[in-house]
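Reading the structure
Each chain, written out:
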Amino acid sequence: MDRQQKVEKVKLYARIDDDFENIEDYINAAEEYISSCGVNEAKLVKDGREELYLLSVKMLTKHWYDNRDLSMSTNKKEMPLGFNALVNKLQFLSRESVV
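Figured I'd write up the structure that's included with this text. Computed from a prediction, not measured in an experiment: that's the story for all the values here.

1. Here's the deal with the overall build of the protein
Broken down by element type, the protein carries five helices and zero strands. Every one of the 99 residues in the protein was classed for burial, and the buried ones make up 34%. Sequence-distant contacts in the protein: of pairs separated by 6 or more residues, those separated by 24 or more amount to 69%. Of the roughly 6600 Å² that the protein leaves accessible, carbon and sulfur atoms contribute 49%.

2. Looking at the environment of Lys58
With respect to the secondary-structure elements, Lys58 resides in helix H4 (residues 50-66). Under the relative-accessibility criterion, Lys58 is labelled buried at 13%. Taking the C-alpha atoms as reference, Lys58 lies 8.3 Å from Ala30; in sequence the two are 28 residues apart. With near-sequence residues (within four places) excluded, Lys58 lies in contact with Lys9, Val10 and Tyr13.

Definitions and cut-offs
Think of each chain on its own: its residues are numbered from 1, step by step along the sequence as written. The model is predicted, so local features are restricted to residues of pLDDT at least 70 and side-chain atom pairs to those at 80 or more, both for listing and for counting; the totals for chains, interfaces and linings are taken over all residues. Processing note: side-chain calculations cover all non-hydrogen atoms of the structure and skip hydrogens and water entirely. Runs of E in the DSSP output that reach at least two residues are strands. Runs of H or I that reach at least four are helices, and both are numbered from the N terminus. Using a 1.4 Å probe on the protein chains alone, a residue whose accessible area is under 20% of its type maximum counts as buried, one over 50% counts as exposed, and one in between counts as partly exposed. By the convention used here, residues are in contact when the closest approach between their heavy atoms is within 4.5 Å. Residue exposure ignores everything except the shown protein chains as possible cover, and the areas themselves are Shrake-Rupley values with a 1.4 Å probe.

Structure (structure tokens):
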């Protein structure tokens, strides 16, 4: 999947308007965050697990987009339900060898 397709999928999932200019920054940050958790995107794509990886990027991007104005608020939102479990699974799949 090329970069533009990924951006469009994230925007559709997160219900982001076309005029939001910083969406690629949010996606890049989400990918960097997930990678720093030990998730190997290239291995997941190679093993046919790209959709699971993309779901984690979409979830995190949507969370940050929805909460972008809450940085000074005490009413901060928790991470999306299932996000941590998904990242844990992706970490496992990133280490696992394909049989």
